[in-house]
Amino acid sequence: MKQEHPEMTILSGFEAEFDPMREAYLGEMRDKVDYMILGQHFVPRGLNQSVGTANPNYPIEYANMVAKAIDSGLFDIVVHPDIFMQYRDTMQSDAAKKLFDENSVLASQIICEKAKDMGIPIEINLSPAENDRMLSDGHLAYPHPTFWTIASEIDGLQVLQGVDAHDL
């Protein structure tokens, strides 16, 4: 395509999960592309992965992993940074849900402040809005107002709009 349209700028890149055990490999891959997107879907735990099901502390674990990924310098954009909110309704008790909500506020602050400090834009992913994936609090799983209210209060935080392009 570049040969047919020399005036066109074509960039290459991809979305990846961050795993500290595979950071060197991710660095090799990063050197081969123009940009790399952090799409963290879970928290790696060695050979396993931790998901947020019934874990009210998951938002903090997730935020710390995203912050570590941003610190790695490998990523240019963070997409769906509030995806951890999808686990809110898996909490087994009102107390666990309350703790999850409190931790979600702290997690949102961690992610947004880290992204701002490192000059990395975050994405408000509008894909779930197409699917009406609602939580019991009456909000979409993501984008979730808990996260985006905090993001809106952080001066200098860069935000992009996007949708997952899994289906053309």
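Look up a bit, the structure's there.
### Things to note about the packing of aromatic side chains
Think of a pair of aromatic rings as described by two things: how far the centres are apart, and how the planes are tilted against each other in angle. Inspection of the entire model under this criterion finds 5 aromatic pairs. Measuring from ring centre to ring centre gives 6.2 Å for Phe18 and Phe75, while their planes differ by 80 degrees; the resulting arrangement is edge-to-face. In this pair, Phe18 sits in the loop between β1 (13–16) and α1 (23–30) while Phe75 sits in the loop between α2 (58–71) and β5 (77–78), placing the two residues 57 residues apart along the sequence. Comparing Phe18 with Phe75, the two get one shared label, buried. On the numbers, 5.4 Å between centres and 80 degrees between planes, the contact of Tyr58 with Tyr87 is edge-to-face. Of this pair, Tyr58 sits in helix α2 while Tyr87 sits in the loop between β5 and α3 (94–118), and the two are 29 residues apart along the sequence. The exposure class of Tyr58 is buried, given its relative accessible area of 0%. Among the residues examined, Tyr87 registers a relative accessible area of 14% and is labelled buried. In textbook terms, an aromatic cluster arises when at least three aromatic residues are bridged by ring pairs, as seen for Tyr58, Tyr62, Phe84 and Tyr87.

### A look at the pairing of β1
Both faces of the sheet carry side chains from a regular strand, because those side chains alternate between them. Pairing of β1 with strand β2 (residues 35–38), which is carried by 4 bridges, proceeds in the parallel orientation. Bridge pairing in β2 links Gly13 to Tyr35. Crossover β1 to β2 through α1 is right-handed.

### Brief notes about α1
By the burial criterion, the buried members of α1 are Leu26, Gly27 and Arg30. Seen along its axis, α1 keeps its buried residues to an arc of 105 degrees; they face one direction. Contact partners of the buried residues in α1: β1 and β2.

### Regarding the packing of α3 against helix α5 (residues 145–152)
Between α3 and α5, the least distance of the axes is 9 Å, while the angle of their chain directions is 45 degrees. With respect to α5, the axis of α3 lies oblique. The handedness of the crossing between α3 and α5 comes out as right-handed. Across the interface between the two elements, Ser104, Val105, Ser108, Gln109, Ile111 and Cys112 of α3 pack against Thr146, Phe147, Ile150 and Ala151 of α5. Across the contact of α3 with α5, the residue classes break down as 6 nonpolar, 4 polar and no charged.

### Side note on a nonpolar patch on the surface
Nonpolar side chains collect at one region of the surface, where Met1, Met8 and Ile10 lie side by side and expose about 300 Å² of accessible area between them. Relative to the helices and strands, Ile10 resides in the segment before β1. Judged by relative accessible area, which is 44%, Ile10 ranks as partly exposed.

### Side note on the pairing of β2
Looking at chain direction, β2 and β5 are connected through 2 bridges and run parallel. By the bridge assignment for β5, Leu38 is matched with Val78.

### Side note on unusual backbone geometry
Here the residue pair Tyr142 and Pro143 is connected by a cis peptide bond, since its omega of 0 degrees sits within 30 degrees of zero. Here Pro143 shows up in the loop between α4 (127–131) and α5. Not every positive phi belongs to a glycine, and Ala54 is a case in point at roughly 60 degrees. For Ala54, the location among the structural elements is in the loop between β4 (48–50) and α2. Residue Ala54 is classed as partly exposed on the basis of its relative accessible area of 40%.

Cut-offs applied
Residues numbered from 1 in each chain as written. Predicted model: local features only at pLDDT ≥ 70, side-chain atom pairs only at ≥ 80, totals over all residues. Heavy atoms only, no water. Phe/Tyr/Trp six-rings, centres within 6.5 Å; stacked < 30°, edge-to-face > 60°. Helix = DSSP H or I, 4+ residues; strand = E, 2+ residues; numbered from the N terminus. Buried < 20%, exposed > 50% of the residue type's maximum accessible area, 1.4 Å probe, protein only. Pairing = 2+ DSSP bridges. Right-handed = clockwise from strand over helix to strand, strands pointing away. Arc of directions from axis to C-beta. Contact = heavy atoms within 4.5 Å. Axes fitted to C-alpha atoms, helices over the stretch in contact; angles between N-to-C directions. Parallel < 35°, antiparallel > 145°, perpendicular 65-115°, else oblique. Left-handed = near helix turned anticlockwise from the far one by under 90°. Nonpolar A, V, L, I, M, F, W, Y, C, P; charged D, E, K, R; others polar. Patch = residues over 30% accessible without salt bridge, like charges linked within 9 Å, V, L, I, M, F, W, Y side chains within 5 Å. Areas by Shrake-Rupley, 256 points an atom, 1.4 Å probe, with all protein chains shown as cover. Salt bridge = Lys/Arg side-chain N within 4 Å of Asp/Glu carboxyl O.

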